[in-house]
Amino acid sequence: TSMLLKRRCPIFQQPYHIASSSGDLHRWLFSHSRVKDCRVGIYGILAEPSSFAIMAEAAGGNAELLAEIAQLGDKVRELKTSGASGDEVKAAVAALLAAKENYTAVTGEEVPGSKPASKKDKKKKQKQQQEKKPDAAGAAATAAADGGAKAAKGGNKKQNKGKRAADKEKQADAPSFAGPQHSFPAEEESVLQFWNDIDAFQTSLKFSEGKKEFTFYDGPPFATGQPHHGHILAGTIKDVVTRYAHQTGHHVERRFGWDCHGLPIEYEIDKTLKITGPEDVMRMGIDKYNAECRKIVMRYSSDWRKTITRLGRWIDFDKDYKTMYPWFMESVWWVFKQVFDKGLVYRGYKVMPFSTALSTPLSNFEANQDMHDVQDPSVTAIFSVVGDDASFLAWTTTPWTLPSNLALCVHPDLEYVKFKDKSRDDKVFWAGKSRLVGKGCLFKEGSKDFEVLETKKGSELVGMKYEPLFPYFYETLKETAFRVISDTYVTDDSGTGIVHNAPGHGEDDFRVCLDHGVVTNETVVCPVNDSGKYTDQVSDFAGVYIKDADKPIIKRLQTEGKVFKFETVSHAYAHCWRSGTPLIRKTVESWFIRVESVKEELLENNEKTRWVPDNIRQGRFHNWLKDARDWAISRNRYWGTPIPLWVSDDGEEVVCIGSVQELEELSGVSGIEDLHREHVDKITIPSKQGKGILRRVPQVFDCWFESGSMPYAQKHYPFENKERFEGGFPADFIAEGIDQTRGWFYTLLVIGTIVFKQPPWKNLIVNGLVLAGDGKKMSKRLKNYPDPGLLLQEDGADALRLYLITSPAVRAENLKFRREGLKRLVKDVFLPWLNAFKFFEQCAARLQESTSKPFTFSTDQDCPSQNRMDRWILAFTQQLLQFVHTEMDAYRLYTVVPRLLTFVDNLTNWYVRFNRQRLKGKGAKGGSTEDQRLSLCTLGEVLLTLSKLMSPFTPFFSEWVYQRMLPYIGLTPYKRSEGPRAWDSAQVVKWLESAGLEEYTGVFQENGMRGLDLFDLTHEDLQSMGVARCSDRKAVLRTVGQFASSLPFEDEPSKPEVEEHHSIHFQMIPQPKATYNDDVIVRAFDVLKRVIDAGRILRDQKTLPVKYPLSELVVIAKSADTRADLLSLEDYIKAELNVQTLTLSDDEEAYHVQLKASPDFKKLGQRFKKELKAITAAVKQLTNAQLREFQSTGSIMVCDHELTTDDINLSYDVAKGSGSNYAAQVDGDVLVLLDVTPTAAMVDEGTAREFVNRIQRHRKKQQLDPETPITVFYNITEDDPEVHLAQVLAGHTDYLGVALDNNPVVQSDSPSSSAEKTTIKNTKFTIWVEKRA
């Protein structure tokens, strides 16, 4: 049943289903492969032999074989329950195994239900092998997983090792309730269903209406790709912050948005329809092309919704915005008109990054989104000087630009040399002087193959003419081109110091050629079309793709003797961020926004914003703004928001439209409902200047302009929601990845600065990139990362969320994603938290049993406990609350979560552990009901506070705990309505199968259709779900209608009213209670924890388990407050470290303690290398007095070198020959000494504790509740003369009575069948337990 509930078996989802026949159950099982391996096991639970035939029949063939196995299985069970002899049972089991083997031989498959057992056996065998020989790969993985923790802790490795071992022992002793029966992912599914039942997100918004608005902008993703780890990271950050804002008294509207236009969609269509250029689109028709784009816009929207919902992110998908909505596009027009009216829009020719795959220019920030290394040809070309025997040498990695060469550029102040090349028949060349000899230069060091003839400044070469490499533009430009010009952009760190200029393909080339009159805007040479192929102007290569022309161009130049040097180089090159093809530089006509003219305002507004982390704002983003260029906002594409400019034929009259109404008024066209190109391109406007008809320019907006306009367009501002928008602008919060510093963050700021004179956000969290575990980019091809859906299904959303927001990615650093991190969080956080809550439940039940009254506590009144441990955890909780509020107000998630995790550790591994007996009602003095109630009151309040505090971070488990806490605070959980209208999606699918509509189960499942959806179903709903045929839709609706009419009227239940206490996410995160504040007790417990950790490390180092008592623990502390704090907590320290005496002192010398120095070999080796040996020896010879001075000053001279605390590690040791037997360990300002001398009495007590430990483990294996009365039996088979187990147990009856809840301990030589063999040292004995009435 537990398994079925976990798998969402519909038969166990409603009470009336439980009464179904087991035949129905078996039929369901055989239709669900995920649970097929458990069928026989379930059959065994049901113990209904007749049903197995139904099961076998449902399976198809081999029914007789399965029936035979079932009958033999029945026989085995009957023999076992009837008390038959062992031989009879063995014979029946052998027959059953033979039947199973026969089934496998006939079918080639395992018997259904057999695999889990074999897997279990296999795992058991593997475990045994691992215990014999540790798995190297596993050890390596564990070491890697622990690496970050080690680095964070620092210090001595042995100390860390001891600390981990102590933690392991500490956790092993803690009560554990979280076995395989608790599945965090399965419980998350239950919580999701609960949220659906109460419509939690929308309900939370209703509850927060009228509260202060918290404005959040969500950057729109493209739905043409599936959500990946980067989206999940950013989505988690957004959800945490907005949940926190809601739970601190704000109303937070959260709308999902979709980027629907632009290159990502068009590129997909171009690939599908094999479109290679604009001509293909025009032949097809823009209307048909855009219709194809519209079809795929929301291709993966259902995947996005499913993943984001499963992640636990609350955001409104039903009231989303899409950049293709006409009302959104209208607001984009309005934004553009504001920019236009300020005189910041112009049309110009510029050399732009150009995607030949997409036939459109890109903006500068788009061009930098995909940079990676490529292999390119490197050519040093020879340009013959007119009227001289010399030639200029110019270098390029883009040979395809050489046919467009119009000038050579030198630096006016650099020196250039004329030299004779002896290896080339004494030919003479000009090149930069610094580029003549050296690495990467024309000649190697020491070469004698050249002779310098003359040296000149670059300015002296200006005006010299040269012969063009190719003749294509000589006739038209011979008067102004093919000469030397100068500019300071030329450098001498690569090439020859002489730059070949092709003004059609380089920004600097274009600029200097214009400045020197080589070309004008009208005569600029750019013989490459939008597909990246040469035009007819380059006759020899017309129609050839430019990169394909590199080799034939080089070959031709070599044949003509115009190549000085040719090689291949590797360098970073910009690629199209969408198509992945190399970008080129191309002179194009484009519409620009004058960003350079508002650069100072951008920098000023950037300073008004808060970035987390701030170094991105001050560094990367500031530098980008400082070098900002005018923004090319037009794209020569089709599926996008048309640029609303209507222009006369001569280009002199330009009208900018800012609304649909304005367009209708000026054009005389009414009823405009769609603003895409196919609808507005045909609309014309009469000229007011007598220039005839104005037509719209053919370009559309860069999609980044649309996303940068989303704050306004998502509200249809200023046409609607004007007051609400202006009241919430700028946004309180935005968040995206670090790649958006040159994308969305930039465009938001540009538009906000120009239109509203202020930044559009106040607070911004920027996250780093999520990489594969090997540090490489996540790649579907390489399959080097786990599927997000699999992680959510198997590890759970809470674990994934917590892993991501505790990672370096929240500090804008890169995260190497490792799944082990999720599993470690489950083990270290969620399981201890679960165990603490379960222990609370168990103890509350125990109190109820003893008092006959349910335990409750008030959330409105302070817990009156004066117990020091209670006061500590309550005070620490207030400090945590204050810290979280302070840090979350500053958006520093990366500081909050580690503190939360520390709190979980304090609660589970310190408070619960130290108070276990009190919580059970078994205090040190026998316990009392009142003391137990006070401890439960404390633990209950802390658990409730922790759940509220963690709810923005781990929404599922926080809700799970809260729902189970409600009865303890006197509140009733929400009770869902019953009946078909309350069905979940699994029950709807079950009904579809029973109603003969099996073919639609997949569609209904994908859309998450529930009972209410079923009865509200329409033709439109079914069509949007993918049921295309009208007849099919009618058939479904007819069947649903018949079913609805057959239900009694009362089946339409009124949905129970949802109240604010029904979900933790409707609760406010509490503020700190001043009455609980106690800095002194928090400080005291901090030093207590440090002392106990140090003592555990010492025990581990000396191999002395805590079960064995020791005589004395000495703590040396200079601070009187520290000693007083420890004295007040003496009993806790003695009990936890199992020492008889605690001694406090401020005198190290009295205990012969000395400092010991050890050099940091890695750091010293890097600094001194050859002197390391001498320095190491000298460090080890330093006296105690010298080291004390070093400890005080932080530096010391060794071998004439100053060494600091970074170079030398200090530790403590007890002086040899002092006669004491102390082990020393330091932690900050406290020095801990542990007397490690064992006595016989202490060893015996340790043996008694070991015995109790074995009994408790055995009881757990027998699945006996700790409260169940038992008798403990043991039988010694081989005693160790150093142990004398029976004698030890007889001498520790009082201890055994307390430790085993007064359950009797009896020596017996008649072990039961459940007996377990075990050992203590060399004593071998058998233990077993039996229930008592």
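Residues numbered from 1 in each chain as written. Predicted model: local features only at pLDDT ≥ 70, side-chain atom pairs only at ≥ 80, totals over all residues. Heavy atoms only, no water.

### So, the overall build of the protein
Moving on, step 1. For the protein, the count of helices and strands is 52 helices and 40 strands.
Moving on, step 2. Buried residues in the protein amount to 52% of all 1333 residues.
Moving on, step 3. Accessible area for the protein stands at about 61000 Å²; split by element, carbon and sulfur atoms hold 49% of it. (Helix = DSSP H or I, 4+ residues; strand = E, 2+ residues; numbered from the N terminus. Buried < 20%, exposed > 50% of the residue type's maximum accessible area, 1.4 Å probe, protein only. Areas by Shrake-Rupley, 256 points an atom, 1.4 Å probe, with all protein chains shown as cover.)

### A few points about the packing of aromatic side chains
Moving on, step 1. Within the structure shown, the criterion is met by 71 aromatic pairs.
Moving on, step 2. On the numbers, 5.7 Å between centres and 50° between planes, the contact of Trp631 with Phe705 is tilted. Here Phe705 lies in helix H27 (residues 703–708) and Trp631 lies in strand S18 (residues 631–632), a separation of 74 residues in the sequence. Like Trp631, the residue Phe705 is buried in the burial classification.
Moving on, step 3. An aromatic cluster of at least three residues, connected via ring pairs, comprises Phe184, Phe830, Trp833, Phe837, Phe840, Phe855, Phe857, Phe957, Trp960 and Tyr968.
Moving on, step 4. Over the face of the ring belonging to Phe592 we find Lys350, whose NZ or CZ atom lies 4.9 Å from the ring centre.
Moving on, step 5. Above the plane of the ring of Phe883 lies Arg899, whose end atom (NZ or CZ) is 3.8 Å from the centre. (Phe/Tyr/Trp six-rings, centres within 6.5 Å; stacked < 30°, edge-to-face > 60°. Lys NZ or Arg CZ within 6 Å of the ring centre and 35° of its normal.)

### A short note on the pattern of salt bridges
Moving on, step 1. In this structure the tally under the stated criterion is 74 salt bridges.
Moving on, step 2. A salt bridge links Arg283 to Asp280, with the shortest nitrogen-to-oxygen separation between them at 2.2 Å. Here Arg283 pairs with Asp280, and both are found in helix H15 (residues 278–284), just three residues apart, close to one helical turn.
Moving on, step 3. Given the relative accessible area of 62%, Arg283 is considered exposed.
Moving on, step 4. The structure contains a network of salt bridges with shared partners spanning Glu213, Glu253, Lys715 and Arg724. (Salt bridge = Lys/Arg side-chain N within 4 Å of Asp/Glu carboxyl O.)

### As for the side chain of His1292
Moving on, step 1. You can see His1292 is positioned in the loop between helix H51 (1285–1290) and helix H52 (1293–1299).
Moving on, step 2. Look at His1292 and you get buried, because its relative accessible area is 19%.
Moving on, step 3. Other than its neighbours up to four places away in sequence, His1292 contacts Asp1244, Glu1245 and Ala1248. (Contact = heavy atoms within 4.5 Å.)

### A word on the side chain of His229
Moving on, step 1. Note that His229 resides in helix H13 (residues 229–246).
Moving on, step 2. Assessed through its relative accessible area of 2%, His229 is described here as buried.
Moving on, step 3. With near-sequence residues (within four places) excluded, His229 lies in contact with Val770, Met778, Tyr785, Pro786, Pro788, Leu791 and Phe817.

### Focus on the nonpolar core
Moving on, step 1. Of all hydrophobic cores here, the largest spans 133 residues; its most connected members are Phe817, Phe840, Trp872 and Leu1113.
Moving on, step 2. Per element, the largest residue contribution to this core is 14 residues, and it comes from helix H33 (residues 819–851).
Moving on, step 3. Not counting residues up to four positions away in its chain, the partners in contact with Trp872 are Asn906, Trp910, Tyr911, Ile1081, Val1082, Phe1085 and Lys1089.
Moving on, step 4. With 89 residues, the next largest nonpolar core counts Ile275, Phe328, Met329 and Tyr712 among its residues. (Core = buried A, V, L, I, M, F, W, Y, C linked by side-chain atoms within 4.5 Å.)

### A few points about the environment of Ile1064
Moving on, step 1. Along the chain, Ile1064 falls in the loop between helix H43 (1030–1046) and helix H44 (1079–1101).
Moving on, step 2. The spacing of Ile1064 and Leu966 is 98 residues in sequence and 9.9 Å in space, taken between C-alpha atoms.
Moving on, step 3. Those residues in contact with Ile1064, other than ones at most four positions away along the chain, are Gln247, Ser947, Lys948, Ser951, Ser958, Glu959 and Tyr962.

### What about the pairing of strand S40 (residues 1323–1331)?
Moving on, step 1. Sheet analysis places strand S37 (residues 1270–1278) next to S40, joined by eight bridges and oriented antiparallel. Each residue of the ladder has a partner; that of Thr1271, found in S40, is Glu1330.
Moving on, step 2. Two elements, strand S39 (residues 1316–1320) and S40, share five bridges in a ladder whose sense is antiparallel. By the bridge assignment for S40, Ile1320 is matched with Thr1323.
Moving on, step 3. What sits between S39 and S40 in their antiparallel hairpin is a turn of two residues, with Lys1321 showing a positive phi close to 55°. (Pairing = 2+ DSSP bridges.)

### Observations regarding the environment of Val896
Moving on, step 1. Relative to the assigned elements, Val896 resides in helix H35 (residues 893–914).
Moving on, step 2. Sequence-wise, Val896 and Thr806 are 90 residues apart; in three dimensions their C-alpha atoms are separated by 8.9 Å.
Moving on, step 3. Sequence-distant contacts of Val896, defined by excluding residues within four places in its chain, comprise Phe883, Val884, Glu887, Met888 and Phe953.

### Thoughts on the environment of Val1114
Moving on, step 1. Mapped onto the elements of the fold, Val1114 is located in strand S29 (residues 1110–1117).
Moving on, step 2. In this structure the C-alpha to C-alpha distance between Val1114 and Val1232, which are 118 residues apart in sequence, comes to 5.8 Å.
Moving on, step 3. Sequence-distant contacts of Val1114, that is, excluding residues within four places in its chain, are made with Thr1143, Tyr1151, Tyr1222, Leu1231, Val1232 and Leu1233.

### Considering the pairing of strand S32 (residues 1195–1198)
Moving on, step 1. Side chains Ile1196 and Val1198 of S32 all project onto a buried face; the interleaved residues Ser1195 and Met1197 project onto a face where none is buried.
Moving on, step 2. Looking at chain direction, S32 and strand S33 (residues 1201–1204) are connected through four bridges and run antiparallel. Looking at the pairing, Met1197 lines up with Glu1202 of S33.

### So, the sheet that holds strand S36 (residues 1230–1235)
Moving on, step 1. Taken together, four strands build an open sheet; the order of strands is S30-S29-S36-S35 and the sheet is mixed. The sheet is open, and its two edges are formed by strand S30 (1139–1145) and strand S35 (1222–1227), each paired on a single side. Across the sheet, the axes of successive neighbouring strands diverge by a mean angle of 20°, strand direction being ignored.
Moving on, step 2. Seen against the sheet, helix H45 (residues 1120–1128) touches S29, S30 and S36 and runs at an angle of roughly 160° to S30. (Axes fitted to C-alpha atoms, helices over the stretch in contact; angles between N-to-C directions.)

### What to know about unusual backbone geometry
Moving on, step 1. A cis geometry characterises the amide bond from Val612 onward to Pro613, with omega recorded as 0°.
Moving on, step 2. Look at the link from Tyr717 to Pro718: it is a cis peptide, with omega at 0°.
Moving on, step 3. Although it is not a glycine, Lys757 adopts a positive phi angle of roughly 60°.
Moving on, step 4. In this fold, Lys757 is placed in the loop between helix H30 (744–756) and strand S26 (761–767).
Moving on, step 5. For Lys757, a relative accessible area of 57% corresponds to the exposed category.
Moving on, step 6. For Lys1321, which is not glycine, the phi dihedral falls at a positive 55°.
Moving on, step 7. If you trace the backbone, Lys1321 turns up in the loop between S39 and S40.
Moving on, step 8. Judged by its relative accessible area of 45%, Lys1321 falls in the partly exposed class.

### A few points about the confidence of the model for the protein
Moving on, step 1. Confidence along the protein averages 83 in pLDDT terms, with 85% of residues attaining 70 or more.
Moving on, step 2. The low-confidence segment residues 1–61 (pLDDT under 50) makes 93 contacts with residues lying over four places distant or belonging to another chain.
Moving on, step 3. Per-residue pLDDT stays below 50 along residues 113–180; that stretch engages in 56 contacts with residues further than four places along the chain or on separate chains. (pLDDT = per-residue confidence, 0-100.)

### Brief notes about the sheet that holds strand S13 (residues 483–486)
Backbone-to-backbone hydrogen bonds pair the strands of a sheet. The strands run either parallel or antiparallel.
Moving on, step 1. The strand order across the open sheet built from three strands is S13-S9-S14, with neighbouring strands paired in mixed fashion. What marks the edges here is a single partner per strand, and that holds for S13 and strand S14 (499–501). This sheet shows a mean twist of 35° between the axes of neighbouring strands, independent of strand direction.
Moving on, step 2. The sheet contact formed by strand S9 (residues 407–410) and S13 spans four bridges and is parallel. Bridge pairing links Ala407 to Arg483 in S13.

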